[in-house]
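Topology and contacts: notes
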Amino acid sequence: MFRNQYDTDVTTWSPAGRLFQVEYAMEAVKQGSAAIGLRSKTHVVLASVNKANSELSSHQKKIFKVDDHIGVAIAGLTADGRVLSRYMRSECINYSYSYESKLPVGRLVVQLADKAQVCTQRSWKRPYGVGLLVGGLDESGAHLYYNCPSGNYFEYQAFAMGSRSQAAKTYMERKFETFTESSRENLIKDALFALRETLQGEKLTSSICTVAVVGVDESFHILDKETVQALINEFEIAGEEAPANEAAPQDQGGDAQAGAADQGPTDQGVAPMDI
Amino acid sequence: MFRNQYDTDVTTWSPAGRLFQVEYAMEAVKQGSAAIGLRSKTHVVLASVNKANSELSSHQKKIFKVDDHIGVAIAGLTADGRVLSRYMRSECINYSYSYESKLPVGRLVVQLADKAQVCTQRSWKRPYGVGLLVGGLDESGAHLYYNCPSGNYFEYQAFAMGSRSQAAKTYMERKFETFTESSRENLIKDALFALRETLQGEKLTSSICTVAVVGVDESFHILDKETVQALINEFEIAGEEAPANEAAPQDQGGDAQAGAADQGPTDQGVAPMDI
Amino acid sequence: MFRNQYDTDVTTWSPAGRLFQVEYAMEAVKQGSAAIGLRSKTHVVLASVNKANSELSSHQKKIFKVDDHIGVAIAGLTADGRVLSRYMRSECINYSYSYESKLPVGRLVVQLADKAQVCTQRSWKRPYGVGLLVGGLDESGAHLYYNCPSGNYFEYQAFAMGSRSQAAKTYMERKFETFTESSRENLIKDALFALRETLQGEKLTSSICTVAVVGVDESFHILDKETVQALINEFEIAGEEAPANEAAPQDQGGDAQAGAADQGPTDQGVAPMDI
Amino acid sequence: MFRNQYDTDVTTWSPAGRLFQVEYAMEAVKQGSAAIGLRSKTHVVLASVNKANSELSSHQKKIFKVDDHIGVAIAGLTADGRVLSRYMRSECINYSYSYESKLPVGRLVVQLADKAQVCTQRSWKRPYGVGLLVGGLDESGAHLYYNCPSGNYFEYQAFAMGSRSQAAKTYMERKFETFTESSRENLIKDALFALRETLQGEKLTSSICTVAVVGVDESFHILDKETVQALINEFEIAGEEAPANEAAPQDQGGDAQAGAADQGPTDQGVAPMDI
Amino acid sequence: MFRNQYDTDVTTWSPAGRLFQVEYAMEAVKQGSAAIGLRSKTHVVLASVNKANSELSSHQKKIFKVDDHIGVAIAGLTADGRVLSRYMRSECINYSYSYESKLPVGRLVVQLADKAQVCTQRSWKRPYGVGLLVGGLDESGAHLYYNCPSGNYFEYQAFAMGSRSQAAKTYMERKFETFTESSRENLIKDALFALRETLQGEKLTSSICTVAVVGVDESFHILDKETVQALINEFEIAGEEAPANEAAPQDQGGDAQAGAADQGPTDQGVAPMDI
Amino acid sequence: MFRNQYDTDVTTWSPAGRLFQVEYAMEAVKQGSAAIGLRSKTHVVLASVNKANSELSSHQKKIFKVDDHIGVAIAGLTADGRVLSRYMRSECINYSYSYESKLPVGRLVVQLADKAQVCTQRSWKRPYGVGLLVGGLDESGAHLYYNCPSGNYFEYQAFAMGSRSQAAKTYMERKFETFTESSRENLIKDALFALRETLQGEKLTSSICTVAVVGVDESFHILDKETVQALINEFEIAGEEAPANEAAPQDQGGDAQAGAADQGPTDQGVAPMDI
Amino acid sequence: MFRNQYDTDVTTWSPAGRLFQVEYAMEAVKQGSAAIGLRSKTHVVLASVNKANSELSSHQKKIFKVDDHIGVAIAGLTADGRVLSRYMRSECINYSYSYESKLPVGRLVVQLADKAQVCTQRSWKRPYGVGLLVGGLDESGAHLYYNCPSGNYFEYQAFAMGSRSQAAKTYMERKFETFTESSRENLIKDALFALRETLQGEKLTSSICTVAVVGVDESFHILDKETVQALINEFEIAGEEAPANEAAPQDQGGDAQAGAADQGPTDQGVAPMDI
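Residues numbered from 1 in each chain as written. Chains lettered and ligands numbered in written order. Predicted model: local features only at pLDDT ≥ 70, side-chain atom pairs only at ≥ 80, totals over all residues. Heavy atoms only, no water.

1. Some points on the overall build of chain A
Each helix and strand in chain A was counted, giving seven helices and ten strands. Across chain A, the fraction of contacts at a sequence separation of at least 24, relative to all contacts at a separation of at least 6, is 65%. Carbon and sulfur atoms make up 47% of the accessible area of chain A, which totals about 10,400 Å². (Helix = DSSP H or I, 4+ residues; strand = E, 2+ residues; numbered from the N terminus. Contact = heavy atoms within 4.5 Å. Areas by Shrake-Rupley, 256 points an atom, 1.4 Å probe, with all protein chains shown as cover.)

Put into structure tokens, the structure is as follows:
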């Protein structure tokens with residue numbers, strides 16, 4: 001029976017120069033519920049799927065306000081994401097206290113990435129199991145970054161991560177050229193359409209998603225349920241038969257394949273650890 | 001013979017992006033005796049099953065007062081739960097000393113979750129093996145949270161955890177719409193009915209359960225045995241033939257299956273380590 | 001050949017949510033010589049079997065005075081028990097120095113349990129291999145606690161631990177309803193009767209047991225050999241043919257089974273490490 | 001099945017005196033996208049391939065400004081490279097603050113190499129998985145260094161590293177004798193030609209490469225896209241059919257061979273971890 | 001092939017609640033050369049076998065003076081014994097400096113045992129491989145303790161440890177009732193007779209044993225060779241044909257059996273590491 | 001399949017009393033490019049082979065100036081050698097600052113050896129993989145030392161280390177009796193002849209070797225390329241057909257044999273890690 | 001295939017109570033070149049074999065001066081021996097600075113032994129691989145001690161350690177009764193005769209041995225080569241056909257046997273690591 005001897009310690013390189021533990025942590029992001037971000041010249045919209053575990057619970061928060069000008073959406077291990085969000089919040093506070101100005105988004109993103117990198121180079125830690133979409137506005141305009149468990153970050157016009165996010169990416173790639181000049185309303189509309197793509201035929205309602213906006217003269221805030229539902233209704237987005245069926249199975253197949261290699265007590269149909 | 005090489009260290013990711021040690025710790029919660037929580041606009045009720053080990057012993061405490069406005073019910077490793085309860089208590093004291101006001105429930109819950117998250121990212125520790133139902137009242141109203149070994153937390157209208165808790169969840173899902181406007185008495189009544197569901201035909205008496213209440217103008221306190229028995233009698237809850245038989249076996253089956261994979265010196269019929 | 005991969009590190013959870021190393025440490029308690037405790041409203045009696053290793057040695061101490069109002073009986077690893085007893089003693093001294101009053105029994109028991117819990121959550125330590133029966137008297141009355149290697153503790157009316165303790169428990173369960181109102185003399189008498197149950201036909205004499213008492217107006221002290229022998233004679237307890245034969249074999253069988261799985265240089269008939 | 005027991009810990013020597021973990025980290029450099037550097041007497045040009053992950057993202061930065069007189073191009077683990085770049089930046093700032101002059105390039109390179117060496121001699125770390133091309137100008141002229149994960153560094157007239165870099169090396173070896181006396185424009189032109197060699201038939205455009213220059217009276221800066229495209233057009237470099245086909249397959253073969261020995265969830269065609 | 005997975009780490013419990021590493025350390029005591037102790041009301045006598053390694057060497061010291069009123073005989077790892085003896089010596093000095101009185105024997109023995117216990121509960125240490133017979137005189141009379149690698153200690157009237165000590169124990173058990181009232185001379189005589197029992201037919205001479213005494217009005221001191229030989233002659237102890245032949249083989253057999261399970265470069269007939 | 005269980009940790013002794021990890025580190029020295037040293041009464045000459053990796057690179061430095069009176073040549077892991085050279089440099093500076101005189105060569109060599117010894121006795125480090133030839137002049141004359149990864153050092157009249165150094169040793173053993181009284185020029189000449197022996201038929205030119213001298217009234221300095229080439233020409237050393245062919249294959253054979261036992265991604269013909 | 005699981009960690013006891021790693025370290029002493037010591041009432045002579053590695057090198061120092069009144073000869077790992085010698089030197093200096101008198105030899109030996117013992121009880125260290133013969137003169141006369149890797153020490157009239165030392169021991173055992181009253185010259189003569197026994201037919205010359213003396217009115221010093229050769233000539237010791245042939249093979253055989261169990265890159269005929 002084959003045994004990979006290079007993939008249990010984060011400080012062990014494989015003969016081909018790979019760090020498997022870091023790659024495995026990136027799988028945790030893929031298993032989280034989907035989150036997307038879009039950016040125009042003046043606004044950033046973050047949106048995420050967050051179904052409640054049961055009727056009895058409220059949704060688990062997947063989008064967090066960091067500061068008036070920055071917010072973050074997470075996919076993967078929620079606990080890791082929350083700890084990192086809080087780190088971002090305190091960095092913003094410290095900066096604004098020291099310099100009496102707002103922490104530029106790009107600078108925060110680098111600090112966040114450095115924090116993640118350290119966890120890939122110490123034998124007693126593990127890489128964070130969460131992807132973060134950081135959206136914000138500063139003097140250099142609107143920004144959208146994706147921070148990865150590897151300690152890398154990327155700037156995006158639009159991005160989708162998490163379970164079945166490929167369908168959303170496909171949608172956004174068709175339309176991204178319009179995003180830069182997009183109005184606030186159209187950006188939200190595209191966010192909702194993209195999010196719907198990840199649902200695999202499930203109906204989009206305000207009760208299974210969160211939408212947040214930050215923009216010129218508009219602090220980062222999460223839209224209330226009524227507003228989101230009104231927009232869904234207005235745009236006729238709900239879409240009981242989603243057109244993204246051809247993309248999702250492929251993505252799903254990859255997950256199932258990886259999952260089959262694992263042995264665990266949780267149900268196959270449910271993402272483990274509520275990520 | 002198959003050997004899972006990714007499930008013995010808390011800092012090792014599986015190829016599919018899972019942390020098995022964290023998931024295993026969550027199994028300890030499932031094996032603990034049942035605990036439930038319900039919330040109305042004005043009150044939170046916590047209730048737990050706690051049978052004594054023998055006639056000679058008193059019950060093991062499963063519900064702890066944290067502060068005048070907060071209490072907690074635990075399921076899983078009692079020692080872990082007790083240590084975390086004490087941590088919560090000292091956080092409340094420090095906060096009230098510093099700010100001369102009560103620590104908001106949500107804030108305490110986040111600190112608790114962060115403490116748990118750290119234990120999922122250090123190789124020399126282990127995740128806590130306990131679930132906590134935190135109920136409390138603050139300026140934003142009544143709250144009920146579930147804190148999980150993974151470092152996640154969830155806000156609930158009503159929740160049940162521990163052995164055979166699925167039956168209680170089913171009961172509460174049928175009735176949860178009434179909870180928000182529920183009176184104090186009805187909330188306790190529903191708590192007792194839900195608790196009875198977890199007993200698999202055993203009779204509910206005040207000697208095998210604990211009930212605690214916190215509400216507007218009512219500090220967190222555990223009801224005395226007489227009061228609980230009086231309520232059981234009044235509501236005719238005892239229920240020698242419990243109707244939850246169809247749900248429990250399924251849950252039990254899962255436990256038995258997992259248990260069969262283990263080798264240990266304790267009796268099959270008794271939960272190990274008195275959790 | 002089967003190999004349990006979850007039972008060698010104290011920080012490793014099994015797939016079913018168990019900590020085997022903690023459970024194994026609890027086995028050490030079962031192998032220690034028997035100790036029992038009983039409590040009335042006004043007195044606590046601790047008693048233990050402690051046969052000398054040979055004619056040349058005195059008995060190994062199994063009961064320790066902690067403070068004027070508290071004492072402890074141990075079963076399991078004597079060295080661990082002694083270290084914990086000393087910890088208790090210094091906690092009592094510090095408390096009485098700071099507050100000029102006696103450390104409440106329950107509070108001491110929690111501190112002791114917390115100290116044990118830490119050893120179940122650090123990879124470089126091991127759980128203590130000793131059970132402690134803590135008996136004491138404070139403003140809230142007489143108390144008897146059992147502290148377990150897992151970091152749990154339980155309050156008892158009466159308890160027995162160690163080798164063949166099941167027979168003593170059976171005896172005490174038959175009589176425990178009388179304990180609360182029992183006189184000092186009857187409590188000691190019941191302690192001696194219960195202790196005899198653990199001897200499997202061996203004659204009870206003052207040279208193989210220790211008895212200690214704490215009560216209202218009576219500091220914790222160990223009874224001298226003459227007093228104990230006089231009581232044995234007075235109550236005609238010695239009992240050459242012990243009636244506990246039916247219970248003991250079962251308990252013994254369990255030990256033998258577990259022992260067969262081990263490989264070690266010590267004799268089968270002798271408890272290893274003089275526990 | 002063969003198992004190499006000397007290649008999982010960075011502090012373990014093989015019987016032949018090799019440190020496999022260091023060699024494996026050097027493989028990560030080979031898998032990164034290509035980067036090249038050239039040096040004349042007066043200028044250093046750094047250039048790198050950096051295709052965006054998708055149309056939605058901007059390129060990932062592979063060339064960083066360190067100080068006015070120094071820049072760096074990286075290949076391999078981007079996160080490691082970014083952390084080291086920041087280290088270089090702060091060393092330059094500290095030096096210029098202390099000595100009011102610019103940190104000599106060679107001195108910075110040694111400090112960087114020493115930082116890398118430490119990671120090859122501590123069991124709880126791992127070697128950095130990144131190669132760095134450091135280009136700069138100081139009182140002793142223009143310099144180009146290659147810093148390697150092993151803690152070694154080398155001074156070069158011209159160098160190429162990363163995926164398919166052999167083709168670029170072959171190009172530069174044919175022409176390197178002209179580099180010393182080369183004009184700024186010719187150096188950039190040669191950089192672009194060399195870079196094209198690594199593309200395996202793909203068309204060179206300003207959108208998949210970055211070019212940076214530092215020289216006498218010219219601070220280190222990255223050329224803007226328009227300038228780069230204009231140069232590509234001017235020199236007619238784009239080259240749809242690249243002439244380097246004979247060299248690349250050989251190099252590619254080596255990578256594929258190494259990759260086949262690994263087991264991982266990422267696609268074969270894509271470099272893992274966005275290195 | 002069977003492999004005991006519970007016996008290589010001192011912090012690992014076996015399923016039956018045993019610490020094998022501690023038990024193995026106790027084997028080292030059994031392999032050391034024999035040492036014995038006897039106690040009357042007024043005197044303690046310590047005696048040990050210590051043959052020189054060769055004609056060229058002096059004997060290795062097995063009995064150490066700790067203070068005027070305390071001495072110690074060791075069996076097992078001499079280096080461990082010497083380190084512990086020095087610890088005892090400095091504890092005595094510190095006590096007498098602080099309190100201007102002699103450190104009670106029992107108190108010193110507890111400190112010694114605690115020091116040994118710590119080595120049974122830290123993963124980076126090992127249990128001491130030495131047994132110590134501590135003899136001394138204080139205000140509560142003459143004392144003889146045996147300190148064991150497990151961190152346990154026992155008070156004895158007389159004790160023998162080390163190689164073939166069973167024969168000496170048998171001798172002393174026959175006579176121990178006379179020890180309490182024994183004169184100084186008789187105590188020494190019995191010590192010599194008991195020591196001879198361990199020699200398996202070898203002749204007892206002053207050159208292969210050490211004898212030390214502490215008593216009322218007699219500081220701890222080691223008897224000189226002449227005195228010892230005179231006593232041997234006077235009592236006609238030498239005994240070329242030792243009567244202990246029937247007891248020794250049994251003990252020896254156990255050792256040989258355990259030794260056969262080991263693989264090492266030392267001669268079978270010689271105790272390894274000069275213990 | 002055989003597996004040596006004693007050769008992966010530097011703190012593990014083999015049954016025959018060997019430290020394999022230290023021996024393996026010494027193999028790294030054998031794989032480095034050759035370096036030699038010679039000493040007369042008044043001068044020390046160090047010389048090394050250092051071919052550039054490619055036409056594009058300068059040579060990697062193998063000889064370092066430590067102080068005016070001391071220099072060092074290395075063979076093996078260059079990064080380790082550089083770190084140790086810097087250590088030597090700072091020791092010299094500190095000494096001369098404290099004592100206003102030059103650090104004696106022998107004293108520096110001991111400090112260097114002690115630093116290496118520490119790395120052979122700590123489980124979290126590895127032995128340095130570099131040999132150092134330290135040449136210098138102090139009040140006691142000219143000195144040449146060889147420092148080894150084991151923490152040993154040796155004083156030599158002349159020494160050669162690294163790849164194919166046996167041929168150079170053979171040359172020097174034939175001539176060493178003349179070295180003490182040798183003139184500066186003859187010493188350099190012999191150094192060049194010896195170095196040529198290691199080249200296996202390759203032509204000796206100033207571009208593949210470095211030569212350094214320290215002597216009475218001559219600070220340690222590296223000879224410039226022109227001077228070296230002039231000497232090669234003057235002495236007619238170049239030697240296209242080297243006469244050392246009979247010695248080299250034997251040495252080479254040993255390396256190849258050792259190398260065959262390893263598994264690595266580097267080419268067989270090239271020394272890994274540029275050592 | 002058999003695998004000894006108890007012999008790779010210094011903190012692991014074998015079931016028979018042995019520390020294999022300590023025993024293995026003692027094997028390193030046996031492989032070192034021979035060293036001997038002899039003591040009269042007034043003098044101590046230390047002598048060692050130290051052949052140079054090659055004609056080009058000086059001998060490796062095996063005898064070190066510690067203080068005016070103490071010297072040491074080592075066998076085994078030279079680097080370990082040197083580090084310990086330096087420790088001894090600084091202890092002597094510190095003592096003489098604090099007390100203005102000479103450190104007694106026995107006291108230094110105990111400190112040395114304690115330092116060695118620590119290395120046998122920490123998991124991250126290894127036992128020293130060196131034996132030390134400490135010879136010195138203090139107020140209590142001349143002393144000769146052997147310090148062993150186990151942390152033990154022994155006082156000797158005469159001792160030999162290292163390769164083929166058995167032959168020397170045999171010689172000295174025949175003559176040791178004369179040593180105490182021996183003159184300085186006879187002691188040196190016996191040292192040289194004993195040393196010759198270890199040479200297996202090789203001729204004894206001053207170039208392959210070192211002799212040192214300390215005595216009344218004679219500070220510790222190493223005899224110069226001329227003096228040693230003169231003595232060899234005077235006593236006609238050289239002995240081309242050594243009579244020790246019958247003893248040596250046996251000893252040699254043991255070494256060869258142990259060596260065959262090891263796997264390493266060094267030549268069979270040469271002691272590894274120049275010990």
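2. Some thoughts on the nonpolar core
Side chains of a nonpolar character, in soluble globular proteins, are inclined to be buried together. In terms of nonpolar packing, the biggest core is built from 448 residues, with Leu192 of chain A, Leu192 of chain B, Leu192 of chain C, Leu192 of chain D, Leu192 of chain E, Leu192 of chain F together with Leu192 of chain G touching the most fellow members. In contact with Leu192 of chain A, not counting residues within four places along its chain, are Leu204, Cys209, Val211, Val228, Leu231, Ile232 and Ile237 of chain A. (Core = buried A, V, L, I, M, F, W, Y, C linked by side-chain atoms within 4.5 Å. Buried < 20%, exposed > 50% of the residue type's maximum accessible area, 1.4 Å probe, protein only.)

3. Examining the sheet that holds strand E8 (residues 158–161) of chain B
Residue and element names in this part refer to chain B. Across the sheet, which stays open at both edges, the five strands sit in the order E8-E1-E2-E9-E10 with antiparallel pairing between neighbours. Every other strand in the sheet has two partners, leaving E8 and strand E10 (218–222) as the edge strands with one partner each. Between one strand axis and the next, the sheet turns through 10° on average, direction left out of account. With five bridges joining them, strand E1 (residues 35–39) and strand E2 (residues 43–49) adopt antiparallel strand pairing. Looking at E2, one finds that Ile36 is bridged to Ala47. Taken strand by strand, helix H5 (residues 184–197) contacts E1, E2, strand E9 (209–215) and E10, and its axis lies near 25° from that of E2. (Pairing = 2+ DSSP bridges. Axes fitted to C-alpha atoms, helices over the stretch in contact; angles between N-to-C directions.)

4. With respect to the relation of the copies chain D and chain A
Of the transformation superimposing chain D on chain A, the axial component is 0.0 Å and the angular component is 51°, with the fit at an RMSD of 0.0 Å. Comparing interface residues between copies, only 14% of those in chain D also lie at the interface in chain A; the contact surfaces differ. (Least-squares fit on C-alpha atoms with pLDDT ≥ 70 in both.)

5. Quick look at a negative patch on the surface
A contiguous patch of negative charge, built from Asp9 of chain A, Asp9 of chain B, Asp9 of chain C, Asp9 of chain D, Asp9 of chain E, Asp9 of chain F together with Asp9 of chain G, is present on the exposed surface. Its place among the elements puts Asp9 of chain F in the segment before helix H1 (20–31). Asp9 of chain F gets classed as partly exposed once you look at its relative accessible area, which sits at 43%. (Patch = residues over 30% accessible without salt bridge, like charges linked within 9 Å, V, L, I, M, F, W, Y side chains within 5 Å. Salt bridge = Lys/Arg side-chain N within 4 Å of Asp/Glu carboxyl O. Lys, Arg positive; Asp, Glu negative; His and termini not counted. Charge placed at Lys NZ, Arg CZ, Asp CG, Glu CD.)

6. Considering the UniProt feature "domain: Proteasome alpha-type subunits" (unreviewed entry) in chain A
As annotated in UniProt, the feature "domain: Proteasome alpha-type subunits" (unreviewed entry) corresponds to residues 6–28 of chain A in the numbering used here. The span residues 6–28 of chain A is 39% helical and 0% strand by assignment, and the distance between its end C-alpha atoms comes to 19 Å. (UniProt positions renumbered as here; feature names shortened; annotations may be inferred.)

7. A closer look at the interface of chain D and chain A
Across the contact, 42 residues belong to chain D and 44 residues belong to chain A. Both faces combined, the contact of chain D with chain A buries some 3,800 Å², and carbon together with sulfur accounts for 55% of it. Here chain D and chain A share two salt bridges between them. Taking the shortest distance from any N to any O, the salt bridge between Asp114 of chain A and Arg82 of chain D comes out at 2.7 Å. Where chain D touches chain A, the interface holds 16 residue pairs in polar contact (both at pLDDT 80 or more). Put simply, the parts of the chain that give the side of chain D that touches chain A at least two residues each are helix H1 (20–31), helix H2 (78–99) and helix H7 (248–260) of chain D. Here the residues of the side of chain D that touches chain A are counted per class, giving 16 nonpolar, 15 polar and eleven charged. (Buried area = accessible area lost by both parts, 1.4 Å probe. Polar contact = N/O pair within 3.5 Å; in protein donor to acceptor, adjacent residues only side chain to side chain. Nonpolar A, V, L, I, M, F, W, Y, C, P; charged D, E, K, R; others polar.)

8. Quick word on the sheet that holds strand E8 (residues 158–161) of chain C
Working definition: the strands of a sheet are paired by backbone hydrogen bonds and lie parallel or antiparallel to each other. Residue and element names in this part refer to chain C. Ordered by their spatial adjacency, five strands build an open sheet running E8-E1-E2-E9-E10, and the pairing between neighbours is antiparallel. The outermost strands of the open sheet, each flanked by one partner alone, are E8 and strand E10 (218–222). The average angle at which neighbouring strand axes cross in this sheet is 10°, direction not considered. Sheet contacts for helix H4 (residues 165–175): strand E1 (35–39) and E8; angle to E8, the most-contacted strand, approximately 165°.

9. Remarks on the pattern of salt bridges
Applying the stated criterion across every chain, the model contains 77 salt bridges over all chains. The salt bridge involving Glu185 of chain C is made with Arg184 of chain C; its shortest N-O contact spans 3.3 Å. For Glu185 of chain C, a relative accessible area of 41% corresponds to the partly exposed category. Classification of Arg184 of chain C as partly exposed rests on a relative accessible area of 23%. Close ionic contact of Glu181 of chain D with Lys41 of chain D constitutes a salt bridge, the shortest N to O distance being 3.2 Å. Taken together, the residues span a long stretch of sequence, with Glu181 of chain D in the loop between helix H4 (165–175) and helix H5 (184–197) and Lys41 of chain D in the loop between strand E1 (35–39) and strand E2 (43–49) at a distance of 140 residues. This pair shows no difference in class: Glu181 of chain D is exposed, exactly as Lys41 of chain D is. What you see here is one network of salt bridges that share partners, running through Arg82 and Arg86 of chain A together with Asp114 of chain B.

10. Some points on the packing of aromatic side chains
What the rule picks out here adds up to 63 aromatic pairs over all chains. Note on Tyr24 of chain B and Tyr6 of chain C: the rings are 6.0 Å apart at their centroids and 85° apart in plane angle, and the pair reads as edge-to-face. In this pair, Tyr24 of chain B sits in helix H1 (residues 20–31) while Tyr6 of chain C sits in the segment before helix H1 (20–31), so the two residues belong to two different chains. A relative accessible area of 2% means that Tyr24 of chain B is categorised as buried. Arranged with centres 6.0 Å apart and planes meeting at 70°, the rings of Tyr145 of chain B and Tyr153 of chain B form a pair that is edge-to-face. Aromatic ring contacts, followed pair by pair, group Tyr146, Phe154, Tyr156 and Phe159 of chain A into a single cluster. Across from the ring centre of Tyr87 of chain A, 4.6 Å away, lies the NZ or CZ of Lys115 of chain A, which sits over that ring. (Phe/Tyr/Trp six-rings, centres within 6.5 Å; stacked < 30°, edge-to-face > 60°. Lys NZ or Arg CZ within 6 Å of the ring centre and 35° of its normal.)

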